[in-house]
Amino acid sequence: MSNSDGMHSHRHVALLPSSGMGHLLPFLRLAGSLISQRCQVTLITTHPIVSLAESQLISAFLSAFPQVSEKKFTLLPLDPLTANCNDPFKLQWETIRRSAHLLSPLLSSLSPPLSFIITDMTLMSSVVSVTANLCLPNYILFTTSARMFSLFAYFPSIAESKTDGGSSRFGDEIRVPGLGSPIPVSSLPSTLLDLNSFFTKNFSDNSRSIKNVNGVLINSFEGLEKQSLEMLTVGKAMEGLPPVFPVGPLLPLEFEGQSSFSPLKWLEGQKERSVVYVSFGSRTPMSKEQIRELGTGLVLSGYKFVWVVKSKVVDKEEDESLDEILGQELKEKVMNNGLVVKEWVNQWKILSHKAVGGFISHCGWNSVVEAAWHGVPVLGWPQHGDQMINAEVIEGGGWGLCMKSWGWVSDIVVKGEEIGDRIKELMGSETLKSTAARISEEARQAVGVGGSCENMLKELFQSWKKTE
Ligand code: UDP
Ligand code: UDP
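Around ligand 2 sit 17 residues, and of these Lys90, Asn206, Arg283, His384 and Asp386 come closest. In the environment of ligand 2, an oxygen atom lies 2.9 Å from a nitrogen or oxygen atom belonging to the side chain of Asp386. Contact with the protein chains removes 95% of the 500 Å² of surface that ligand 2 exposes when unbound. If you list the elements that add at least two residues to the shell around ligand 2, you get α4 (88–99), α7 (146–161) and α9 (198–208).

So, about the side chain of Gln92. With respect to the helices and strands, the residue Gln92 is situated in helix α4. Sequence-distant contacts of Gln92, that is, excluding residues within four places in its chain, are made with Ser19, Thr46, Pro48, Val50 and Leu75.

Let's shift gears to helix α19 (residues 430–447). End to end, α19 covers 26 Å across 18 residues, agreeing with the expected 26 Å (1.5 Å per residue, within 8%). Buried within α19 we find Leu432, Thr435, Ala436, Ile439, Ser440, Ala443 and Ala446. Buried residues of α19, viewed axially, fall in a sector of 145 degrees; they line one side. Within α19, the exposed residues directed more than 90 degrees away from the buried face are Glu430 and Gln445. Tucked into the core, α19 has its buried residues touching α10 (222–233), α16 (365–374), α17 (387–397), β15 (400–402), α18 (416–428) and α20 (452–467). Between a side-chain oxygen at the N-terminus of α19 and the backbone nitrogen of Thr431 the separation is 3.4 Å; the capping residue is Ser429.

So, on to the site of ligand 1. Inspection of the region around ligand 1 gives 14 residues, with Ser282, Val345, Asn366, Ser367 and Glu370 positioned closest. At a separation of 3.4 Å, an oxygen atom of ligand 1 approaches a polar backbone atom of Trp365. Between ligand 1 and the protein, one listed contact pairs an oxygen atom with a side-chain N or O atom of Glu370 at 2.6 Å. Taken by itself ligand 1 offers 530 Å² of open surface, and the protein chains cover 93% of this. Per-element accounting of the shell around ligand 1 gives the leading share, four residues, to α16.

Between helix α1 (residues 21–36) and helix α2 (residues 52–64), the least distance of the axes is 10 Å, while the angle of their chain directions is 10 degrees. The orientation of α1 relative to α2 falls into the category roughly parallel. For the pair formed by α1 and α2, the contact residues are Met21, Leu24, Leu25, Leu28 and Ala31 on the first element and Ala53, Glu54, Leu57, Ile58 and Phe61 on the second. Per-class residue counts for the contact of α1 with α2 are nine nonpolar, no polar and one charged.

About the thresholds
Residues numbered from 1 in each chain as written. Chains lettered and ligands numbered in written order. Predicted model: local features only at pLDDT ≥ 70, side-chain atom pairs only at ≥ 80, totals over all residues. Heavy atoms only, no water. Near = heavy atom within 4 Å. Polar contact = N/O pair within 3.5 Å; in protein donor to acceptor, adjacent residues only side chain to side chain. Areas by Shrake-Rupley, 256 points an atom, 1.4 Å probe, with all protein chains shown as cover. Helix = DSSP H or I, 4+ residues; strand = E, 2+ residues; numbered from the N terminus. Contact = heavy atoms within 4.5 Å. Expected span 1.5 Å × (residues − 1). Buried < 20%, exposed > 50% of the residue type's maximum accessible area, 1.4 Å probe, protein only. Arc of directions from axis to C-beta. Axes fitted to C-alpha atoms, helices over the stretch in contact; angles between N-to-C directions. Parallel < 35°, antiparallel > 145°, perpendicular 65-115°, else oblique. Nonpolar A, V, L, I, M, F, W, Y, C, P; charged D, E, K, R; others polar.

Spelled out as structure tokens, the structure:
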């Protein structure tokens with residue numbers, strides 16, 4: 001379909017996010033950008049939805065954008081034992097993958113016909129066979145770092161040369177061609193080290209199907225990951241890579257503002273850059289023992305803080321009070337020195353507050369991009385998955401610390417004294433502060449008029465026109 005000037009074809013884009021706020025949020029933010037570029041958007045929502053936060057976000061999004069159509073995709077039930085998976089979010093990824101064939105009638109029934117679909121990376125190999133049959137161009141949104149993407153794209157070539165299924169033959173580090181610094185094997189998600197694991201199989205299948213997608217969108221920008229993006233966009237590294245579009249930083253939309261708890265009033269009363277914000281994202285709980293050491297560390301640091309405590313993977317299951325988690329004595333100490341909450345907070349608004357001077361983060365990629373935007377230095381405490389590799393991006397960029405010696409979640413319990421010392425290091429460093437400020441400046445240039453975000457979307461549309 002063309003407009004009268006023949007310049008702009010009508011674009012109808014379907015979005016298929018995977019489960020977890022860290023996947024859903026960037027998809028909805030991307031939807032906002034596509035709508036502002038006059039695309040018609042259909043959001044495919046997968047049911048049942050895992051967390052309360054996701055259900056609420058989808059409802060708020062659909063109310064804020066009545067022009068977006070929702071297409072409900074009811075999943076086939078999957079027994080956790082069959083999938084050998086007890087993380088409800090990962091189980092949902094697998095459930096969507098195994099239900100993917102049901103997408104075919106759903107996608108072909110949409111009107112006007114779809115121009116293209118954007119799929120989450122975790123679903124790629126199962127969805128690409130459906131879209132190929134429909135001759136529907138399929139792009140993926142890679143919701144983590146370009147550094148992680150380079151490993152993802154290169155992974156099959158490493159795995160194929162390691163047929164014994166053990167981790168030892170990986171050596172100490174992985175040298176992805178063209179990538180500035182090698183990836184230490186100790187930074188890989190532990191499940192990936194077992195070449196026979198179910199997770200590794202999906203990861204490999206997905207990465208092998210990259211060559212069959214039309215392009216890869218990444219929520220990153222040059223100021224954050226210059227070298228990784230250069231090697232991916234120039235295509236120096238790997239043969240057969242589709243075009244890569246760094247469309248980041250994807251910015252939040254007005255509707256995301258709702259949260260039952262807001263520390264903004266409290267922050268108003270604090271000195272500039274004097275407060276540490278502490279959060280480990282939407283699906284990373286900590287053991288009670290570690291939570292208590294962290295509380296002790298925060299108090300010992302002498303800095304004020306806003307601390308979001310999470311003790312269960314899924315929000316619906318949070319059933320313990322702060323009293324039970326922290327114990328009466330520590331809770332009182334903590335509350336005399338900062339704010340501690342168990343609710344969902346509006347992280348973007350907290351990071352944007354001038355009183356916030358540092359962020360203790362698990363380095364989920366959305367958190368990294370948000371901290372970069374606001375120029376807030378990070379004390380990176382990776383817990384699992386891609387987070388160590390993301391933390392290396394921050395450390396390599398010189399605007400935060402990556403606490404490798406603290407290990408993966410549940411490896412060791414990090415002591416309060418050590419945490420307190422590292423907080424002092426973070427908050428006292430002028431170098432980290434000034435580098436973070438520079439990256440924030442570059443993030444703002446990327447979203448400005450004529451910046452990379454706008455240009456990348458234009459390039460995406462041109463790439464799609466070529467498929468017509
Ligand atoms: N987030 C938030 N409030 C919370 C917890 C998380 O706004 O209480 C947002 C955060 O700003 C980020 C996303 O949820 O956009 C979490 O994604 P990330 O990739 O950082 O981590 P994940 O939750 O996937 O581990
Ligand atoms: N991942 C990917 N493709 C896949 C599955 C996973 O790129 O098909 C990446 C993604 O970055 C994910 C990471 O591998 O975050 C590790 O997965 P895990 O579930 O352990 O991490 P999480 O999402 O919890 O951070």
